Amino acid sequence: MEDLLVGRVPGLQVLPLGNGHYTLRIRGQRALSGDPTAGEPLLVIDGIPAPRGSASQVLAGIAPRDAARIDVLRDASAAGLYGSRGANGVIVITTRRAR
């Protein structure tokens, strides 16, 4: 699924973490803290926001053929809809099962 996102979302980076998982970045590294998942965009799967730092686990449960639509919100519209959690961007995935 992460390969599908990289192909569809310009500027998206997939950064490996030491524990075998990965994190996503849309706007580059901006975190002042040492937490590598602090700059991760908010993932919304079928209208349900995923917890921060769980991108690799959430995306591992979605087959690429099940993704019906992928939208990326990068600007102030993301923050307006999702508050401070959308400050690093929002990736909205609608699966075929959600229809």
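Just above sits the structure.
What you see is a predicted model, and the numbers here were worked out from it, not measured in a lab.

> Any chance you could explain the overall build of the protein here in plain terms?
Secondary structure summary: the protein contains three helices and six strands in total. Partitioning the intrachain contacts of the protein with sequence separation of at least 6 by distance along the chain shows that 52% fall at a separation of at least 24. For the protein, the computed accessible surface area is about 5600 Å², with 51% contributed by carbon and sulfur atoms.

> What exactly am I supposed to notice about the sheet that holds strand S4 (residues 48-49) here?
Consider a sheet: its strands pair through backbone hydrogen bonds, and that pairing is either parallel or antiparallel. On the basis of which strands lie adjacent, the open sheet formed by four strands has the order S4-S3-S6-S5 and mixed pairing. Two strands lie at the open edges of the sheet, namely S4 and strand S5 (67-73), each paired on one side alone. Note that S5 and strand S6 (residues 90-95) share six bridges and pair antiparallel. Within S6, the position partnered with Val 72 by the bridge is Ile 91.

> What is the right way to read the pairing of strand S1 (residues 13-16) from this model?
A regular strand carries its side chains on alternate faces of the sheet. Across four bridges, the pairing between S1 and strand S2 (residues 22-25) is antiparallel. When the sheet's bridge partners are listed, Gln 13 is paired in S2 with Arg 25. Between the antiparallel neighbours S1 and S2 lie five residues, among them Gly 20 with a positive phi of about 90°.

> Even after reading the chapter, I still don't get the pattern of salt bridges, so can you show me in this structure?
For side chains bearing opposite charge, pairing can occur when the charged atoms are close. Scanning the model with the defined rule gives one salt bridge in all. A salt bridge links Arg 69 to Asp 71, with the shortest nitrogen-to-oxygen separation between them at 3.0 Å.

> What am I meant to see in the environment of Asp 71 here?
Its location among the elements puts Asp 71 in strand S5. Residue Asp 71 is classed as partly exposed on the basis of its relative accessible area, which comes to 27%. The sequence separation of Asp 71 and Arg 8 amounts to 63 residues, and the corresponding C-alpha distance is 9.4 Å. Leave out the neighbours within four places in its chain, and Asp 71 touches Val 90, Ile 91 and Val 92. Of note is the side chain of Asp 71, whose polar atom sits 3.0 Å from the side chain of Arg 69.

> Please explain the environment of Ala 67 as it appears in this structure.
The residue Ala 67 is located in strand S5 in this model. Judged by its relative accessible area of 5%, Ala 67 falls in the buried class. As a C-alpha pair, Ala 67 and Arg 97 span 30 residues in sequence and 8.9 Å in three-dimensional space. Dropping the residues within four chain positions of it, Ala 67 is found in contact with Met 1, Leu 4, Ile 93, Thr 94, Thr 95 and Arg 96.

Definitions and limits used
Residues numbered from 1 in each chain as written. Predicted model: local features only at pLDDT ≥ 70, side-chain atom pairs only at ≥ 80, totals over all residues. Heavy atoms only, no water. Helix = DSSP H or I, 4+ residues; strand = E, 2+ residues; numbered from the N terminus. Contact = heavy atoms within 4.5 Å. Areas by Shrake-Rupley, 256 points an atom, 1.4 Å probe, with all protein chains shown as cover. Pairing = 2+ DSSP bridges. Salt bridge = Lys/Arg side-chain N within 4 Å of Asp/Glu carboxyl O. Buried < 20%, exposed > 50% of the residue type's maximum accessible area, 1.4 Å probe, protein only. Polar contact = N/O pair within 3.5 Å; in protein donor to acceptor, adjacent residues only side chain to side chain.

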